[in-house]
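# Report on the structure
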Amino acid sequence: MTDAAVDNEPAANVVVGRSLWGDAWARLKANRAAMFSLFYLGLMALVCIAGPWFVPHDYTTIYSDYVRTPPSTEAYPKADMVKGALDDVLKRMRVDLKDWKLEDGRATITVAGTRPIDERYLRYVDRSDTFDDARMEAKSPDGLEMTFSAAVKQQYFLFGTDNVGRDLLSRTLVAGRISLAIGLLAGVVAVTIGVVYGATAGFLGGKVDEVMMRIVDVLYSLPFIFFVIMLVVFFGRNFVLMFLAVGAVLWLDMARIVRGQALSIRRHEYVQAAEALGVRQSGILKRHVIPNLLGPVVIYMTLLVPHVIILESFLSFLGLGVQEPMTSWGVLISVGAHNIGSANWMLLFPAFFLVSTLFALNFVGDGLRDALDPKDR
Amino acid sequence: MTARETILDVRDLKVRFRTLDGDVEAVKGVNLHVGAGETVAVVGESGSGKSQTMMAAMNLLASNGEAAGAVDYRGRNLLGLSKAELNTIRGSRISMIFQEPMTSLDPLYTIGSQLIEPIRRHRGLSRSAAHEHALNLLRLVHIPEPERRMKSYPHELSGGQRQRIMIAMALANDPDILIADEPTTALDVTIQAQILSLLAELQSKLGMAIVFITHDLGIVRRFADRVYVMRRGEVVEEGEAEAVFTKPQHPYTRMLLAAEPTGHKAPPPANAPILLEGRNIDVTFSIGGGFLSGETLMLRAVDHISVRLKRNQTIGIVGESGSGKSTLGRALLRLLPSDGVIRFDDRDISHADVSAMRPLRRELQLVFQDPFGSLSPRMTVGQIVTEGLLVHEPALTAKQRDQRAVAALTEVGLDPNARNRYPHEFSGGQRQRIAIARAMILKPKVVVLDEPTSALDRSVQKQIVDLPRNLQADHGLSYLFISHDLAVVRAMADYIIVMKEGRIVEEGPTEAIFDAPRDAYTQTLMAAALDTARFRSDHGSLLPASRL
Amino acid sequence: MLLYVLRRLLTAIPTLFVIVTLAFFLIRVAPGGPFNQERGLSPEIKANLEAEYGLNDPLWLQYGHYLKNLSHGDFGPSYNLPDFTVGELFARGLPISIQLGASALVLALLLGCLLGTVAALNQNRWGDYAVIALATAGSTIPTFVIAPIIQLVFGLSWKLLPVGGWGGGAMLNKIGPVLTLALPQIAIVARLMRGSMIEALRSHHIRTARALGLSDWSVVVRHALRGAILPIVSFTGPAAAALLTGSIIVETIFAIPGVGRYFVDAALNRDYTLVMGTVVVIAIFTIVFNLIVDIMYAVVDPRVRYD
C-alpha cells in the first residue's frame, strides 16, 4: 500500500479485517502437500487407535502354526499348509494318519493308533491354530481307529506374522499407538521445557541470558544420546524416565528459537509502546508477547514431534526403550532388521508406517512455517 | 550550456516483477538520456521506480524481474548483451554505488583486496601496480592513512568511510557514468554533505557523468544539471534543474516542492507553568562485557542535560545519530533508568517505580519513529488504540471503549471502520496516525514525538506534521519533538536544543538558532541541511571548500 | 586471536570437569552398580576394583585416584570382560570408529555443500527440486531404517556389498556403513548450504561485486561461497555429535567392532565401567572437536576475532 498525496482511503466495505492468522490459514489451505499430510496424519492416528479393535487378532496372541508367514490377502491356511498342521496335531495325539480329505472348509480325518483313542484327545485339534470345532464322526469298535472332522479356521494375516507367530498388522497398529503417544507426550515435555527456558532467558536478558545460552551451546554440542543411554542403563527402564529422557534431549532447539523470539519481541517497539501506556507485565504478556510467540512455537512443535518419535524408536531399536508386552515401531523395525532376507515384511511394514508418518509431520511443519512466516523460498 | 554528447539513452524501459500476488509493473515506459560529464538527477518517492530503472540498466534486477525496451550506452543496447559483454562495461565504463554502505562491502575480505579485484579484472595490472593504483584511489577519496586501511576489514570503518571506499571502487577504472542510488540517505546530515562535496570534486577532476537517484529535493537542487521526476513508474516531468524548481509544470512536482514543512510555532506566554523538567540528567549504558568476554564499556548516552518544558510549548531536540536525543526523551518519560532530577507537574518523579508511574502514564505519552514496528501486529487497530483505556479507565464497558476509539480515529483523520482491521493492512502514514490516536485517546498533557516522520515520504510527512500541530492547538498540549530533520523541526518547534554525543551544544528560541547559530557544530549542521547554495557553480568549477 | 582461543578453552575445561565428576558419582550411586556391595561381585572384579579405586579410602581420596587414573587414560577394568581394561577395548574400537566417522563427515560436508550450491544456483528449477526432495528424504528417514534397507538392496538383492562385518577394513565393507552414516548429514548440510547460498547471493555485497563487473566465478566462488560456508562450519560441531550418535546404530546393524557397538553391548549387559568410560571419552572428544571448530570459524570470519 503506498501513500500518495491523498491519504484517506474511501470507507471500506470490508468491516472485518483479515488478521495474520487468517492470512496464514489461507496460505496453509493452499499448500496441497501440507493439507494432504494433515489428512494423512489424522487417518494414521485413527487407524492406530481404533484399528486394533477391528482386526480379529490380538497383538499378543501367538499362532504357533503361523510362525513367519508372509503377508497375504488370501486366507490362511493355504492348501499346502493344512497337511503340515495336521501332522503336528496328530503327533501330539500320538496317532497315525490313515486318510483325510478336505471339503468345503471341513476336513475329515481318519486316524489309527496302537492304543484306544480317547475322544478327549480331540482337544488337541481344537487347540490347534488351524482347526476348530472338532467332532467325532465314527469310531471303530475296538477304539483303535477314529474318524473325526474339524473346521479349517480361516485366518487373514494381511501383514504376515512375526518370528513368534503374532499377527503383524495388529502389532503394527498397537505399536503406532505407543509411538504416536510417546511422540506427542514427550514432545509436550520438550516444548514445555524449551519454552520456559527460552522465554526466561530471552525476557530476563543480560547476564542470566548469557549464562543460560552458554549452557545450551555446550549441551548442543554433546551427543546427548550417550548420556540418555547411560541413565537408562544405570536406573533401569522406567516409562516415566523414557519420557523425561526423550524430552530432555530435544528441548534445546526449542529453547533457542523461543529465546530468539523473546529477544526480538522485547525489542519491538510495540512492547515499549505498551510499557509507555502503563500496561502491566501481565497485560503485555497476554496481548503482545504470547500471540507473537505462538507462531514459532507451533511450527517447531510440529517439527519436534518427528524427532521425538525417531528418538524413542532409536532407544527401542537398541532394546532400551519400551518393554514387552508393549511394542513400538522402533522395536518392530529392530526385529525386522534382523530378519531381512528371510522375512522382509517384518521390516517393511512398520518401516513404512514410521517413515510415512515422519514425512507427513515434516510436510505439515514446513507448511506451517511457510504459512506463518512466508519468506521467499 | 555547450551541447553534450548523449552517452546513455534509455528508451521506453519497462520493468516487471513476478510475485506471488501477480505481476507488478515497477517501471512503465521510461525515457531518459544522460550526456557526457553532466549530472542528472532522478527524483521520486518510494515506489516510484527510480532505483529499478537504473538497476535494470545494469542488469542487477532481482531474479523475478524482467526488463524490456532499450538502454543504449554509446550505441550498444545493454539489455541485449551477454553476461560476459556486460561485465566488460559494468565496473569499468558504467559504475554504480548504493544506499547501504554498511552492508555493501564484503565483510570477509580486506579493503585492499576488494579494491584491487576490479582493478585487476578490468585493467589486467600486476598485483603491485594494482596496489599502487588502489592507494591512489584511497587518497583521492580522502581516506586518512591509506596504507594501513588497505589491510583493514570493513567492520572497522564507519558508514561514511565505507561509502568513500565504495566510491573509490566504482571510480577505479575511470568510468564514463557513475550511477549513485541514494548514496547518502543512510548517513548523517554532516557526513552527507561531505560525501556530496566529494562527488562534486571527483566529477570536476575525472569528468564522468553522474546519475543521482534520490528522494531529497534539497540535494537535487544543489547538485544536478537536469532533473527527471518519477512517480509510480513513469516520468512525469523533466528539465533543467533550476527550471523545474522555479516553474514546476506537473501537479505532482508542485506537490513535492510544496511538501516542505512550513509554518512556525509561536512561543508560549512567559508565565506558562513548567510541566516537565529534567535537571542534570545522565544516562549510561554498558556495552559488551559479560561472562568472560573482555571489559565492559560504559557509554554515556546523555551527559548532564537540563530541559524545561512549559505548557503549550514545543521543544525541538535536534542532533545526528548517536547524539542521545531519543535516549533523553525516553529518560524524561522514565522509560529508561537515569541519574538526575525529573519533575512532572511539580512532583519529583526521579525515583518513582513502575506502579507509582502508572497513573502518570496517561499524561506522558510517546509516539515512536517506526510506524511498522510500534503497532502490535496481531491486534486490531481498535484494540491497539484502546489498550491504554484498559489500564487507565477500567470502568468503561466494551461499547464505551469502542465509541472512544471511533472518536480518536476520526480526530486523526482516519475512517472509524479502520478499527476492525489490522496494522499490516495500512500504509506507513496511516499507521503513524493510528499511533498518534493511541497517544491522544488518553488526553495527555505532554507528548514526546520521537522522529515521527523519519520513516515516511516527504509528501506524507507534511500531514504528519500538520496533525500534531492542530491537536496541540485544540487540546493545549506540550511537545518534545525529537528529529534530525531540521526543516521539520523549524516548522514545529518554538525552542530548539542541539545535541551532540550526549551533550547540549546550543539551545535557544527557534529563529535565533536558525538565523544566527553561534556554535561551530550548529553552523555545520545548518549549512549541511539547509544551505541552498550549489555544490558546483554553473560553470562546472568547484566552489571553495570553506563554503562547506 | 589468542585471547579468543583462551576464552574458549576456559569454557571447555569446567564442562569437562562437570562431566567427569558426574561420572564418578553416578557409578557409585547407581542401584546395582559395580560399587554397590549388594550386587554379587565376582572375586576378580572385586579385587581389581579395590586395587584401582581403594574402596575403603575416604571419598575425596577415591576421587583423586579416579582423576589420576583418567589422566593416564585408565578407565578401570571392564565389568563384564574382566580380562580387559576399558582402555584396551577402546584401543581396538576407536580407530575403526574414527575411520568411519571421519569418512562420513568429509563425505557429508563435500557432497552436501556441492548439492546445496547446485540447488541455490538453480533455484526453483528441477535441479533445486531434486536436491530438496533428496534432502527431505535423507533427513526424515532414520538411520535404523536406512541401514537395513541398504543391506537388503545392496547386500542381499544386488549382491554388490557384503551385508555386514568389518572384513579387516576392506573397502567394500566400509561403503555401507559410511553411506548410512553420511546420508542424513548430507541432507542437512545440503539444505543448510542451499539456504545460506541463496541468502548470500541476494546480499548487498554480492550486488556490489556484480555491479563492478566481476565474473560469475568470482562472484559465486570468491564472494558468495565464502560467506555461505560460515553456517556450515558452525554446523560441523553438531554434525560430529550426530555422527557419533549414528555410529551406535550403524555399527550394531553392520556388525562393525567399533566403539559404538561396544557401547551398545555394554549398555545391554550392564557393563557400567565400559559405559562410563565411553561417555567420558565421547565428552572429551566432542569438547575438543568443538573447540577446533570454533577456532576454524574465527579463521574464516574476521569479525569474530575482535569479539
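Owing to the predicted nature of the structure, the values given are computational and were not obtained by experimental measurement.

## Some details on the overall build of chain A
- Looking only at helices and strands, chain A features twelve helices and four strands.
- What you see for chain A is a C-alpha radius of gyration of 31 Å, clearly larger than the 21 Å of a compact globule of 377 residues, by over 25%.
- Taking the principal axes of the C-alpha coordinates as reference, chain A spans close to 115 × 60 × 35 Å.
- Here chain A, with 377 residues, has 42% of them falling under the buried criterion.

## Re the overall build of chain C
- Secondary structure summary: chain C contains twelve helices and zero strands in total.
- Helices (α) and strands (β) of chain C occur, in sequence order from the N terminus, as α-α-α-α-α-α-α-α-α-α-α-α.
- Among the 307 residues that make up chain C, the fraction classed as buried is 45%.
- Contacts spanning at least 24 positions in sequence make up 71% of the contacts within chain C whose residues lie at least 6 apart.

## Here we look at the interface of chain B and chain C
- Listed as interface residues are 28 residues of chain B and, on the opposing side, 21 residues of chain C.
- Going through the elements one at a time, α2 (83-89), β6 (94-97) and α3 (111-123) of chain B are the ones with two or more residues in the side of chain B that touches chain C.
- Residues of the side of chain B that touches chain C, tallied by class, amount to twelve nonpolar, ten polar and six charged.

## Looking at the pairing of strand β4 (residues 145-152) of chain A
All names here are of chain A.
- Sheet analysis places strand β2 (residues 106-112) next to β4, joined by seven bridges and oriented antiparallel. Paired with Ile109 across the strands is Phe148, a residue of β4.
- Taken together, the six bridges between strand β3 (residues 131-139) and β4 define a ladder with antiparallel strand orientation. Bridging from a neighbouring strand, Ala138 pairs with Thr147 of β4.
- The antiparallel hairpin formed by β3 and β4 contains five residues in its connecting segment, where Gly143 sits at a positive phi of about 75 degrees.

## Looking at the sheet that holds strand β8 (residues 209-214) of chain B
Residue and element names in this part refer to chain B.
- The mixed open sheet is built from six strands, whose spatial order is β6-β7-β8-β3-β9-β10. Each end of this open sheet is capped by a strand with a single partner; those strands are β6 and β10 (234-240). Between one strand and the next, the sheet's axes are offset by a mean angle of 15 degrees, whatever the strand orientation.
- Bridging between strand β3 (residues 39-43) and β8 involves five bridges; their strand directions are parallel. From the neighbouring strand, Val40 faces β8, where its bridge partner is Val211.
- Across the sheet, helix α1 (residues 50-57) touches β3, β6, β7 (177-181), β8 and β9 (226-231), and the angle it forms with β8 is around 140 degrees.

## Thoughts on the sheet that holds strand β16 (residues 364-367) of chain B
Residue and element names in this part refer to chain B.
- The six strands are arranged β16-β17-β18-β13-β19-β20 in an open sheet whose pairing can be described as mixed. Edge positions in the sheet fall to β16 and β20 (503-509), since each of these pairs with one other strand and no more. The average angle at which neighbouring strand axes cross in this sheet is 15 degrees, direction not considered.
- One ladder, built from six bridges, connects strand β19 (residues 495-500) with β20; its direction is antiparallel.

## Digging into helix α2 (residues 32-54) of chain A
Residues and elements named next belong to chain A.
- Its 23 residues place the ends of α2 31 Å apart at the C-alpha level, agreeing with the 33 Å of an ideal helix rising 1.5 Å per residue.
- Where α2 bends most, the angle comes to about 40 degrees, and this point is Cys48, followed within four residues by the proline Pro52.
- Within the span of α2, buried status applies to Ala34, Ser37 and Cys48.
- Among the structural elements, α1 (20-30), α5 (168-204) and α12 (345-372) are those in contact with the buried residues of α2.

## Examining the interface of chain B and chain A
- Contact residues are listed per partner, giving 42 residues for chain B and 32 residues for chain A.
- Only α12 (354-361), β16, α13 (381-392), α15 (428-440) and α16 (458-475) of chain B provide two or more residues apiece to the side of chain B that touches chain A.
- For the side of chain B that touches chain A, the element with the highest residue contribution is α13 of chain B, accounting for four residues.
- Split into classes, the residues belonging to the side of chain B that touches chain A amount to 13 nonpolar, 19 polar and ten charged.

## A short note on the environment of Glu182 of chain B
Residue and element names in this part refer to chain B.
- Within the secondary structure, Glu182 sits in the loop between β7 and α7 (189-206).
- Looking at Glu182, the number of C-beta atoms within 10 Å reads 18, which means it is partly exposed.
- A sequence separation of 148 residues divides Glu182 from Arg330, and the C-alpha atoms of the two residues are 31 Å apart.
- In this view, Glu182 contacts Gln99, Ile213 and Thr214; residues no more than four positions away in its chain are not counted.

## Focus: helix α11 (residues 325-332) of chain B
All names here are of chain B.
- The buried fraction of α11 amounts to seven of the eight residues, a majority that puts the element mostly inside the structure.
- Along α11, the residues that are buried comprise Lys325, Ser326, Thr327, Leu328, Gly329, Ala331 and Leu332.
- In the segment just after α11, Arg334 is the residue with positive phi, at about 60 degrees.

## A look at the nonpolar core
- Ranked by size, the top nonpolar core spans 315 residues in total, and within it Met254 and Ile333 of chain A, Ala168, Ile177 and Val211 of chain B together with Val189 and Val275 of chain C carry the most contacts.
- No other element matches the 16 residues that helix α10 (residues 281-318) of chain A contributes to this core.
- Every residue in contact with Val211 of chain B, bar those within four places of it in the chain, is listed here: Val34, Val40, Val42, Met54, Ile177, Ile179 and Ala180 of chain B.

## Here we look at unusual backbone geometry
- A cis geometry characterises the amide bond from Tyr76 of chain A onward to Pro77 of chain A, with omega recorded as 5 degrees.
- One can find Pro77 of chain A in the loop between α2 and α3 (79-93).
- Even without being glycine, Asp133 of chain A reaches a positive phi, approximately 55 degrees.
- For Asp133 of chain A, a count of 13 C-beta atoms within 10 Å puts it in the partly exposed group.
- Positive phi outside glycine occurs at His304 of chain B, with the angle close to 55 degrees.
- Examined against the element boundaries, His304 of chain B turns out to sit in strand β12 (residues 296-310).

## Section: the pairing of strand β14 (residues 339-344) of chain B
All names here are of chain B.
- Sheet analysis places β14 next to strand β15 (residues 347-348), joined by two bridges and oriented antiparallel. Directly across from Phe344, in β15, lies its bridge partner Arg347.
- Between β14 and the antiparallel strand that follows it, β15, lie two residues; Asp345 among them carries a positive phi value of about 50 degrees.

## Description of the confidence of the model for chain C
Residue and element names in this part refer to chain C.
- Model confidence for chain C is summarised by a mean pLDDT of 81, while 86% of its residues fall at 70 or above.
- Per-element confidence in chain C is highest for helix α8 (residues 204-211), whose mean pLDDT is 92, and lowest for helix α2 (residues 43-53), whose mean pLDDT is 66.
- Taken over the whole predicted complex, pTM reads 0.80, whereas the ipTM for its chain interfaces reads 0.79.

## Description of the packing of helix α4 (residues 86-121) of chain C against helix α5 (residues 126-140) of chain C
All names here are of chain C.
- α5 packs onto α4 with a crossing angle of 140 degrees between their chain directions and a minimal axis gap of 7 Å. The orientation of α4 relative to α5 falls into the category oblique. Considering how the two elements wind past one another, α4 and α5 form a crossing that is left-handed. Between α4 and α5, the contacting residues are Leu115, Val118 and Ala119 on the first element and Gly127, Asp128, Val131 and Ile132 on the second.
- Partitioned by chemical class, the residues of the contact of α4 with α5 number five nonpolar, one polar and one charged.

## What to know about the packing of α5 of chain A against helix α11 (residues 329-338) of chain A
Residues and elements named next belong to chain A.
- Contact geometry for α5 and α11: axes closest at 8 Å, N-to-C directions at 135 degrees. The angle between α5 and α11 falls in the class oblique. Each of Arg171, Thr172, Ala175, Gly176 and Ser179 in α5 lies in contact with α11, whose residues at this interface are Trp329, Val331 and Leu332.
- Class assignment for the residues of the contact of α5 with α11 results in four nonpolar, three polar and one charged.

## Digging into the environment of Thr21 of chain C
All names here are of chain C.
- Relative to the assigned elements, Thr21 resides in helix α1 (residues 2-29).
- What makes Thr21 partly exposed here is the crowd of 13 C-beta atoms within 10 Å.
- Separated by 42 residues in the primary sequence, Thr21 and Tyr63 place their C-alpha atoms 8.3 Å from one another.

## A few points about the confidence of the model for chain A
Residues and elements named next belong to chain A.
- In the predicted model, chain A carries a mean pLDDT of 81, and 93% of its residues have values of at least 70.
- Confidence, read as mean pLDDT per element, is least for helix α7 (residues 224-235) in chain A (74) and greatest for α2 (91).
- Low confidence marks residues 1-14, where pLDDT is under 50. Its contacts with residues over four positions away, or in another chain, come to 22 contacts.

Parameters and conventions
Residues numbered from 1 in each chain as written. Chains lettered and ligands numbered in written order. Predicted model: local features only at pLDDT ≥ 70, side-chain atom pairs only at ≥ 80, totals over all residues. Helix = DSSP H or I, 4+ residues; strand = E, 2+ residues; numbered from the N terminus. Rg over C-alpha atoms; globule rule 2.2 N^0.38 Å. Buried ≥ 20, exposed ≤ 12 C-beta atoms within 10 Å, placed from the backbone. Contact = placed C-beta atoms within 7 Å. Nonpolar A, V, L, I, M, F, W, Y, C, P; charged D, E, K, R; others polar. Pairing = 2+ DSSP bridges. Axes fitted to C-alpha atoms, helices over the stretch in contact; angles between N-to-C directions. Expected span 1.5 Å × (residues − 1). Bend = angle between axes of the 7 residues up to and from the residue. Core = buried A, V, L, I, M, F, W, Y, C linked by C-beta atoms within 7 Å. pLDDT = per-residue confidence, 0-100. Parallel < 35°, antiparallel > 145°, perpendicular 65-115°, else oblique. Left-handed = near helix turned anticlockwise from the far one by under 90°.

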